[in-house]
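# Secondary and tertiary structure notes
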Amino acid sequence: MGSPSCSLWSSACRPTSARSAPTGRTPRRSRGPQRLAGVGVLPLLALLAVADDVRAFHRSRGIPPEISDRSLADLGQQAWVNRRTLGAFGLHTYLWMPVCFGGNLYWLGRLQFNLVRRGDAWAISTHIPEVGPLTPESVDDAFRQAVAFFGRHFADHPTTVLHCSSWLLDPQLAEVLAPESNMVRFQQRWTLEGEGTTPTRMPCSSRSAGAT
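These remarks concern the structure in this document. Only a predicted model underlies this, so the values are computations on that prediction, with no experimental measurement involved. (Residues numbered from 1 in each chain as written. Predicted model: local features only at pLDDT ≥ 70, side-chain atom pairs only at ≥ 80, totals over all residues. Heavy atoms only, no water.)

### Quick look at the overall build of the protein
In terms of helices and strands, the protein carries 9 helices and 5 strands. Across the protein, helices and strands are ordered from the amino to the carboxyl terminus as α-α-α-α-α-α-β-β-β-α-β-α-β-α. A burial count over the protein gives 41% of its 212 residues as buried. Pairs at least 24 apart in sequence give 64% of the contacts found in the protein among residues at least 6 apart. (Helix = DSSP H or I, 4+ residues; strand = E, 2+ residues; numbered from the N terminus. Buried < 20%, exposed > 50% of the residue type's maximum accessible area, 1.4 Å probe, protein only. Contact = heavy atoms within 4.5 Å.)

See below:
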């Protein structure tokens, strides 16, 4: 299945039509949108209501409209994942969405990024949306874009360090995947910092930015 289009309200996210009741029978009373469409519908509507406010914040930082729209399209992406995973319209990842709709998530090329505080310094946190292959070229391009983007639009939060916390970085995956796979090559970019099923890795700034 393809990924959703770059709009807040993708056609892939619309609820399917309810089946008509048989002739001569009284239709069943609705139990509410959460029951029929899945979890997170009300948060989804609330997020749509503040989308223009988020765009206004983006403009105040000099962020181009195309990056603003692409970044806010994470709402459609998450609703698409909800439909694909649960078979219903909804937003089960609604607790994640304040990162995006708080003006702190930017979709740059293949990856998404947001600023996080790590100790006494800032870092650029990396996220991997489900939108296609994680090729080395696309990752290099996204890293370059991220370092330039945050340096330009968030100069008051200086950093060139990238950080990632994801199950995709679990070292056990490298034991079962081919060394040349995109996932293994993505793992090799990072230096392991934490332990567990969702390890944290941090690269040196020059390598994370895609420099050779």
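Having seen the model, we can carry on.
### A closer look at the pattern of salt bridges
One pass over the full model with this rule turns up 4 salt bridges. The shortest N-O distance in the salt bridge between Asp52 and Arg55 comes to 3.3 Å. Within this pair, Asp52 and its partner Arg55 are both found in helix α3 (residues 51-60), separated by 3 residues, close to a single helical turn. A salt bridge links Arg189 to Asp140; the shortest N-O distance between them is 2.7 Å. Within this pair, whereas Arg189 is found in the loop between α8 (182-187) and β5 (200-201), its partner Asp140 is found in helix α7 (residues 136-153), the two being separated by 49 residues in sequence. (Salt bridge = Lys/Arg side-chain N within 4 Å of Asp/Glu carboxyl O.)

### Things to note about the nonpolar core
Counting residues in each nonpolar core, the largest one holds 22 residues, and the members touching the most others are Tyr106, Phe113, Phe143, Phe149 and Phe150. Listing elements by their share of this core, those giving two or more residues are β1 (106-108), β2 (111-118), α7 and β4 (162-165). Of the residues forming this core, the biggest block, 7 residues, is contributed by α7. Residues in contact with Tyr106, not counting those within four places in the same chain, are Phe57, His58, Ile63, Ile67, Ser71, Leu111, Gln112, Phe113, Phe149, Phe150 and Phe154. The next biggest cluster of nonpolar side chains, apart from the first, holds 14 residues, and it includes Leu44, Leu47, Ala51 and Leu105. (Core = buried A, V, L, I, M, F, W, Y, C linked by side-chain atoms within 4.5 Å.)

### Looking at the environment of Leu105
Within the secondary structure, Leu105 is located in the loop between α6 (98-104) and β1. Note on Leu105: relative accessible area 1%, which makes it buried. Taking the C-alpha atoms as reference points, Leu105 and Leu115, separated by 10 residues in sequence, lie 7.8 Å from one another. In this view, Leu105 contacts Ser71, Asp74, Trp96, Val99, Cys100, Gln112, Phe113, Asn114 and His127; residues no more than four positions away in its chain are not counted.

### Comments concerning the packing of aromatic side chains
Where two aromatic rings form a pair, the distance of their centres and the angle of their planes describe that pair. One pass over the full model with this rule turns up 9 aromatic pairs. The interplanar angle of 85° and the centroid separation of 5.1 Å between the aromatic rings of Phe149 and Phe150 together place this pair among those described as edge-to-face. Judged by its relative accessible area of 2%, Phe149 falls in the buried class. What links up through ring pairs into an aromatic cluster is the set Tyr106, Phe149, Phe150 and Phe154. (Phe/Tyr/Trp six-rings, centres within 6.5 Å; stacked < 30°, edge-to-face > 60°.)

### Some details on a nonpolar patch on the surface
Taken together, the side chains of Val39, Leu86, Tyr94 and Leu95 make up a nonpolar region of the molecular surface, amounting to roughly 410 Å² of accessible area. A relative accessible area of 42% places Val39 in the partly exposed class. (Patch = residues over 30% accessible without salt bridge, like charges linked within 9 Å, V, L, I, M, F, W, Y side chains within 5 Å. Areas by Shrake-Rupley, 256 points an atom, 1.4 Å probe, with all protein chains shown as cover.)

### Looking at α3
Here α3 has its buried residues at Ala51, Val54 and His58. Seen along its axis, α3 keeps its buried residues to an arc of 60°; they face one direction. Of the residues in α3, the exposed ones pointing more than 90 degrees away from the buried face are Asp52, Asp53, Arg59 and Ser60. The inward-facing, buried residues of α3 contact α2 (41-49), α4 (65-72), α6 and β1. (Arc of directions from axis to C-beta.)

### Regarding the pairing of β4
Bridge analysis of strand β3 (residues 121-127) against β4 gives 3 bridges, and the strand direction is parallel. Counted as the bridge partner of Thr126 is Cys164 from β4. Crossover β3 to β4 through α7 is right-handed. (Pairing = 2+ DSSP bridges. Right-handed = clockwise from strand over helix to strand, strands pointing away.)

### Overview of the packing of α3 against α4
Put simply, α3 and α4 touch, their axes get as near as 10 Å, and they point 140° apart. One finds that α3 runs oblique with respect to α4. Taken as a pair, α3 and α4 cross one another with a handedness that is right-handed. From α3, Ala51, Val54, Arg55 and His58 reach across to α4, where they touch Ser68, Asp69 and Leu72. (Axes fitted to C-alpha atoms, helices over the stretch in contact; angles between N-to-C directions. Parallel < 35°, antiparallel > 145°, perpendicular 65-115°, else oblique. Left-handed = near helix turned anticlockwise from the far one by under 90°.)

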